Amino acid sequence: MNSTTTEYNVLTLPIDTTKIIALVLTSIISIFFFTNYWGKYNKSYNKNSLKNEPIEKSKSGLYGNIPEKLELIPQTDFKWDQIDPLKSYPFKNGIYKLNMGIKNLNYQDWLLIEPTYLNRIENKFKIINNCHPDYPIDKDTRSSTLFITDEAYEAVIEFYNIVMNYMLVKYPTCFSSNETEITNLITNESYPRFGKGINPLKLQEYLVENIEEDFIILLKDPTKIHEKNGEEYFFKAGVFAFAAGFDPLERFNKPLTFIHERIPGYVEKLKLSMNKFFNRISSNQFVTRSNWSIQSHNKFYVDDNNKGHNLPEDHIQKPIPYNEMKFNEYYYRSERQVLTKLPKTEAIVFTIRTYLIPLSEVKAEGKEVRERLIGGIKGFPEDIARYKRASEWGPSIIQYLEEDN
Ligand code: HEM
């Protein structure tokens, strides 16, 4: 009712009516205040994550282009071989805690080109084509690293379109296009502009030639709902070429819990929060987490010897004496992982960017990094130390990092 047309003077109203009006006014004010405050809160909370943004219609009408609301700034002066790579040093000087450890990430920072680009693509290409010189000629690394299921076809096409467009828009000095093709200006190879109508396995091989990141596509599988952990997300497609101590084939087409079961404490400490998070993540939200470890060689694909649970049952992990360590053969390894959900198919995508650098380079970073890394190694609980084989390399690596030369 408009106040100018009010028939009664408030003061003359019966007491109950006054109370009701006061109540209504208070409610209106509260609702106004709450929605305003909540809007602001949500805005700042979502600054990076773009959570709760509506699912956008793609620009081209072909699903899988970059949604309009995700801002991507073209790096017009970008020189791919001259930029400083990211320093992926997530270790903390303190007790290791098994938790999600995720942070929101700007869309702008999702997929990266760094001076390692050609080298990593070349390594990955050889691994998925069974011709990497680091592995025996009869080892089938392709079957262990390149995966597809029928149910993931649409998601792979959507992912291909999003990724190729992302690279094109973000890196105009590295990619160009016409209506039908995208050309990678670093490798001088051309690829289809859109994935529709192309075999998704082939699309994944194209992606290997264009991005440094491995990628895993996860979907729910209604046909497995009655199996153990069958309500979880399943690893349904992708490229897992830089596996860090497991054979990805054993984890393919399996739910999250099966994939992580061998990590000490996973079921008790992580399973619940991880499943909740996977069920909650919204389309176009980006989150990141990073891990780290140390390995005694520079191999990218490792399916055996850098995780404790791959060792024979009777193997007792003992510290390797300092004088038996070949420190120049040790490498620091870190994965920068990003999770997002595709808008159309609602598949969850997990991208993994692997940093593998000589341990001596990390040592040369200076006191702060060295001390933090020493603190991180000392902070492993016993079960995690065994999982990462730090019970063997840990004590001597600590000594090496403590030395000044
Ligand atoms: C928020 C998401 C995730 C979290 C919090 C998480 C957590 C972890 C943790 C704590 C580990 C132990 C090593 C490390 O610190 O990284 C691990 C290992 C691993 N994760 Fe995840 N993970 C996530 C998503 C995924 C996804 C989507 C896959 C898809 C396949 C995956 C596959 C693996 C594999 C294969 C290992 C090695 C397991 C082993 O050594 O047996 N993770 N993950």
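Summary of the structure given here. (Residues numbered from 1 in each chain as written. Predicted model: local features only at pLDDT ≥ 70, side-chain atom pairs only at ≥ 80, totals over all residues. Heavy atoms only, no water.)

**Section: the packing of aromatic side chains**
Phase 1 of the analysis: With the rule as written, the count across this model stands at 28 aromatic pairs.
Phase 2 of the analysis: Ring centres 5.6 Å apart and planes at 80° place the aromatic pair Phe-235 and Phe-252 in the edge-to-face group. Remark: Phe-252 occurs in the loop between helix H6 (248-251) and helix H7 (256-260) and Phe-235 occurs in strand S7 (residues 233-239); sequence separation between them is 17 residues.
Phase 3 of the analysis: Judged by relative accessible area, which is 2%, Phe-235 ranks as buried.
Phase 4 of the analysis: With relative accessibility at 16%, the residue Phe-252 sits in the buried group.
Phase 5 of the analysis: On the numbers, 5.2 Å between centres and 80° between planes, the contact of Phe-240 with Phe-246 is edge-to-face.
Phase 6 of the analysis: Residue class for Phe-240 comes out buried when judged on its relative accessible area of 12%.
Phase 7 of the analysis: Among the aromatic residues, those joined into a cluster by ring pairs are Tyr-89, Phe-91, Tyr-96, Trp-292, Tyr-332 and Phe-380.
Phase 8 of the analysis: Above the ring of Phe-258, the side-chain terminus of Arg-262 is found at 5.3 Å from the ring centroid.
Phase 9 of the analysis: For the cation-ring pair, Lys-363 lies above Tyr-400, with the distance from its terminal atom to the ring centre recorded as 4.2 Å. (Phe/Tyr/Trp six-rings, centres within 6.5 Å; stacked < 30°, edge-to-face > 60°. Helix = DSSP H or I, 4+ residues; strand = E, 2+ residues; numbered from the N terminus. Buried < 20%, exposed > 50% of the residue type's maximum accessible area, 1.4 Å probe, protein only. Lys NZ or Arg CZ within 6 Å of the ring centre and 35° of its normal.)

**Concerning the packing of helix H4 (residues 153-170) against helix H5 (residues 200-208)**
Phase 1 of the analysis: It is the contact of H4 with H5, at a shortest axis distance of 9 Å, that shows an interaxial angle of 30°. One element, H4, and the other, H5, form an angle in the roughly parallel class. For the pair H4 and H5, the crossing hand works out as left-handed. In this structure, H4 uses Tyr-153, Val-156, Ile-157, Phe-159, Tyr-160, Val-163 and Met-164 to contact H5, whose residues at the interface are Pro-200, Leu-203, Gln-204, Tyr-206 and Leu-207. (Axes fitted to C-alpha atoms, helices over the stretch in contact; angles between N-to-C directions. Parallel < 35°, antiparallel > 145°, perpendicular 65-115°, else oblique. Left-handed = near helix turned anticlockwise from the far one by under 90°. Contact = heavy atoms within 4.5 Å.)

**Looking at the site of the ligand**
Phase 1 of the analysis: Looking at the ligand, there are 21 residues lining it, with Arg-251, His-260, Asn-291, His-309 and Tyr-387 nearest.
Phase 2 of the analysis: The separation between a nitrogen atom of the ligand and a polar side-chain atom of His-260 is 2.8 Å.
Phase 3 of the analysis: The separation between an oxygen atom of the ligand and a polar side-chain atom of Tyr-387 is 2.6 Å.
Phase 4 of the analysis: Listing elements by their share of the shell around the ligand, those giving two or more residues are strand S6 (214-220), H7, helix H8 (266-280) and strand S8 (287-295).
Phase 5 of the analysis: Of the residues in the shell around the ligand, the class split is 15 nonpolar, 3 polar and 3 charged. (Near = heavy atom within 4 Å. Polar contact = N/O pair within 3.5 Å; in protein donor to acceptor, adjacent residues only side chain to side chain. Nonpolar A, V, L, I, M, F, W, Y, C, P; charged D, E, K, R; others polar.)

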